Amino acid sequence: DGTKGLRSARPSYRKDADGVPAGAGRFGFAYADYLHLGVSGYVGHFTETDRMFGYGADLRIQPIGDLVILVEFVGFSLEQGLNADGKLVPRQLWGLYGQVDYTLPFFRPMTISFRAGHGEIASREAGQTFLGTRYTLGLNYRPKPSVVVKVEGQYNNGDLEHGTAWGVLASVAFGFSSLNN
């Protein structure tokens, strides 16, 4: 179903539909802490006979201090076929996402980060193209490196995922360490 977007195309990281492990790879390049570039690839089956190819690229730039800019692209190309429910699968799925993060520098070791993002997603199925846009504003509060509280507001618009809708997400995670702190 082309209206489900990239989320429904995510494979598990075990054996895929033909019972054989899928192949995935990633190449990354980093220059100090300021520039990170990565490209990824995936090949596997979504049914016993129909293959899918995934590709992606991401760029992370930290131009000054605690300002981080992130851009990600991901795509899937699928052979024409039917999924396990007998429905036609999309031929192409792709998404592009940009995000800006800023961490307030004067609360260390505690951190407070603001996040703004914009994403575009598309799906092509049987001659039709479905489009979606997502805007995100968020706040991360990390009282210590092993605890983070996140609150995020999202606005979705378009044919994909949930159609046009507003939402607020909140989460608490603990028991891990941050690579940045």
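So, a few notes on the structure that sits alongside this text.

### Quick word on the overall build of the protein chain
- Along its length, the protein chain carries zero helices and nine strands.
- Seen in sequence order, the protein chain has helices and strands lined up from the N terminus as β-β-β-β-β-β-β-β-β.
- Each of the 181 residues in the protein chain was classed as buried or not, and the buried ones make up 30%.
- Of all intrachain contacts in the protein chain linking residues separated by at least 6 positions in sequence, the fraction that spans at least 24 positions is 43%.
- Here the protein chain has roughly 11,300 Å² of accessible surface; of this, 61% comes from carbon and sulfur atoms.

### Quick word on unusual backbone geometry
- At alanine 32, a residue that is not glycine, the phi angle is positive and equals roughly 50°.
- Locating alanine 32 in the fold gives a position in the loop between β1 (23–31) and β2 (35–45).

### So, the sheet that holds strand β8 (residues 147–158)
- Spatial ordering of the open sheet is given by β1-β2-β3-β4-β5-β6-β7-β8-β9, a layout of nine strands whose pairing is antiparallel. In this open sheet, the two edge strands, each paired with only one partner strand, are β1 and β9 (165–174). The average undirected angle you get between the axes of adjacent strands in this sheet is 10°.
- As judged from the eleven bridges shared by strand β7 (residues 128–144) and β8, these two strands associate in the antiparallel manner. Bridge pairing links tyrosine 135 to tyrosine 155 in β8.

### Some words on the pattern of salt bridges
- Here the structure, examined in full by the defined rule, presents two salt bridges.
- Residue aspartate 58 pairs with arginine 26 through a salt bridge whose shortest N-O separation is 2.9 Å. Here aspartate 58, found in strand β3 (residues 51–61), pairs with arginine 26, found in strand β1; they are 32 residues apart in sequence, far enough to count as distant.
- By relative accessible area, aspartate 58 is classed as buried at 19%.
- Under the relative-accessibility criterion, arginine 26 is labelled exposed at 53%.
- Between arginine 115 and aspartate 101 there is a salt bridge, with the nearest N and O atoms lying 2.8 Å from each other. Residue arginine 115 is located in strand β6 (residues 111–125), and its partner aspartate 101 is located in strand β5 (residues 92–103); the two are separated by 14 residues in the primary sequence.
- On the basis of relative accessible area, aspartate 101 is assigned to the buried category, the value being 15%.

Each value, and the rule that gives it
Residues numbered from 1 in each chain as written. Predicted model: local features only at pLDDT ≥ 70, side-chain atom pairs only at ≥ 80, totals over all residues. Heavy atoms only, no water. Helix = DSSP H or I, 4+ residues; strand = E, 2+ residues; numbered from the N terminus. Buried < 20%, exposed > 50% of the residue type's maximum accessible area, 1.4 Å probe, protein only. Contact = heavy atoms within 4.5 Å. Areas by Shrake-Rupley, 256 points an atom, 1.4 Å probe, with all protein chains shown as cover. Pairing = 2+ DSSP bridges. Axes fitted to C-alpha atoms, helices over the stretch in contact; angles between N-to-C directions. Salt bridge = Lys/Arg side-chain N within 4 Å of Asp/Glu carboxyl O.

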